[in-house]
Amino acid sequence: MNRRLFLAAIPAALATGCGFKLRRFEGIPFASLYIDAPYGGAVAERIRSALTSSKQTRLAASAGEAEAVLVLGQETRSKVILSLSGAGRVTEYRLGLQLTYRVNDKDGRTLAAPEVIELSRDITYDDTQVLAKAAEEQLLYRDMEDGATRRILRRLQNIGPAS
């Protein structure tokens with residue numbers, strides 16, 4: 001029994017000794033943030049929920065009362081055929097998500113230059129499993145939206161208020 005406990009504790013001790021820690025959202029360096037985004041954007045909603053749950057940054061009701069303004073462009077989804085079978089049926093698609101954003105202070109000065117996020121995922125397709133492939137496609141789009149959200153939040157963490 002003691003030997004099992006000892007063997008289980010070794011990896012934990014090695015992981016803590018090397019400085020490993022889980023990646024987590026630690027908040028952004030702004031007291032308040034206004035998110036200027038088109039209506040219905042999934043990435044904007046995910047950013048709002050992440051900032052609301054952290055409780056370190058207040059979401060402002062207008063750009064004038066915020067320390068920083070996150071301006072998100074329109075999210076564009078794409079679906080391109082990658083390959084066809086010998087019979088001319090689609091066997092693979094490439095799904096894409098494109099989004100632009102920038103960060104300004106309340107006076108309009110640029111804190112973070114405009115950046116374009118382009119994410120893509122490949123998906124096999126089988127026309128005998130239409131419902132399953134549609135669900136998989138939605139899952140991949142959700143994964144890309146989560147990835148874009150994490151990239152924007154990491155960028156917000158690394159910029160500081162204007163001096």
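Residues numbered from 1 in each chain as written. Predicted model: local features only at pLDDT ≥ 70, side-chain atom pairs only at ≥ 80, totals over all residues. Heavy atoms only, no water.

Caption draft 1: Just the overall build of the protein, in detail. Along the protein, the regular secondary structure elements total 3 helices and 6 strands. Counting only residues that meet the buried cut, the protein has 31% of its 163 residues in that class. When contacts within the protein are restricted to residue pairs at least 6 apart in sequence, long-range pairs at least 24 apart make up 69% of them. When the accessible surface of the protein is split by element, carbon and sulfur atoms take 53% of a total near 10,500 Å². (Helix = DSSP H or I, 4+ residues; strand = E, 2+ residues; numbered from the N terminus. Buried < 20%, exposed > 50% of the residue type's maximum accessible area, 1.4 Å probe, protein only. Contact = heavy atoms within 4.5 Å. Areas by Shrake-Rupley, 256 points an atom, 1.4 Å probe, with all protein chains shown as cover.)

Caption draft 2: Fine view of the nonpolar core. If you look at the biggest cluster of nonpolar residues, it comprises 32 residues, and the most contacted ones within it are I47, L70, L72, I152 and L156. Sorting the residues of this core by element identifies β1 (32–36), α2 (42–54), β3 (68–72), β5 (90–105), β6 (110–124) and α3 (130–158) as the ones contributing at least two each. Those residues in contact with L70 that sit more than four places away from it in its chain are L33, Y34, I35, D36, I47, Y101, R102, V103, I152 and L156. (Core = buried A, V, L, I, M, F, W, Y, C linked by side-chain atoms within 4.5 Å.)

Caption draft 3: Structural context of the pairing of β1. Pairing analysis gives 2 bridges linking β1 to strand β2 (residues 58–59), with the strands arranged parallel. Counted as the bridge partner of S32 is R58 from β2. The handedness of the β1 to β2 crossover, carried by α2, is right-handed. (Pairing = 2+ DSSP bridges. Right-handed = clockwise from strand over helix to strand, strands pointing away.)

Caption draft 4: How the structure looks around the packing of α2 against α3. Two numbers describe how α2 lies on α3: the axes approach to 9 Å, and their chain directions differ by 55 degrees. Considering their axes alone, α2 and α3 lie oblique with respect to each other. In this structure, the crossing between α2 and α3 has a hand that is right-handed. The segment α2 lies against α3, with A42, V43, R46, I47, A50 and L51 engaging R142, E145, D146, A148, T149, I152 and L153. Classifying every residue of the contact of α2 with α3 by side-chain character gives 8 nonpolar, 1 polar and 4 charged. (Axes fitted to C-alpha atoms, helices over the stretch in contact; angles between N-to-C directions. Parallel < 35°, antiparallel > 145°, perpendicular 65-115°, else oblique. Left-handed = near helix turned anticlockwise from the far one by under 90°. Nonpolar A, V, L, I, M, F, W, Y, C, P; charged D, E, K, R; others polar.)

Caption draft 5: Local environment of the pairing of β6. Bridge count between β5 and β6: 12 bridges; the pairing is antiparallel. In the strand pairing of β6, Y101 is matched with E115.

Caption draft 6: Quick look at the packing of aromatic side chains. Under the counting rule described, the total for this entry stands at 1 aromatic pair. Note on Y93 and Y125: the rings are 5.6 Å apart at their centroids and 75 degrees apart in plane angle, and the pair reads as edge-to-face. Placement of Y93 in strand β5 and of Y125 in the loop between β6 and α3 is noted, with a sequence separation of 32 residues between them. For Y93, a relative accessible area of 14% gives the class buried. Looking at R77, its charged tip hangs above the ring of Y141, at a distance of 4.2 Å from the centre. The ring of Y93 carries K79 above its face, with NZ or CZ at 4.5 Å from the centroid. (Phe/Tyr/Trp six-rings, centres within 6.5 Å; stacked < 30°, edge-to-face > 60°. Lys NZ or Arg CZ within 6 Å of the ring centre and 35° of its normal.)

Caption draft 7: The side chain of T57, seen in detail. Mapped onto the elements of the fold, T57 is located in the loop between α2 and β2. On the basis of relative accessible area, T57 is assigned to the buried category, the value being 5%. There is a polar contact of 3.0 Å between the side chain of T57 and the backbone oxygen of F30. Filtering out sequence-adjacent residues up to four positions away, T57 remains in contact with I28, F30, A31, S32, L33 and L51. (Polar contact = N/O pair within 3.5 Å; in protein donor to acceptor, adjacent residues only side chain to side chain.)

Caption draft 8: How the structure looks around the environment of S62. Summarising the element assignment, S62 is placed in the loop between β2 and β3. Put simply, S62 and L33 are 29 residues apart on the chain and 9.0 Å apart in space, counted from C-alpha to C-alpha.

Caption draft 9: Broad picture of the confidence of the model for the protein. The share of residues in the protein with pLDDT of 70 or more is 87%, and the mean pLDDT across the chain is 86. For the protein, per-element mean pLDDT is lowest for helix α1 (residues 2–17), which scores 70, and highest for strand β4 (residues 76–84), which scores 95. (pLDDT = per-residue confidence, 0-100.)

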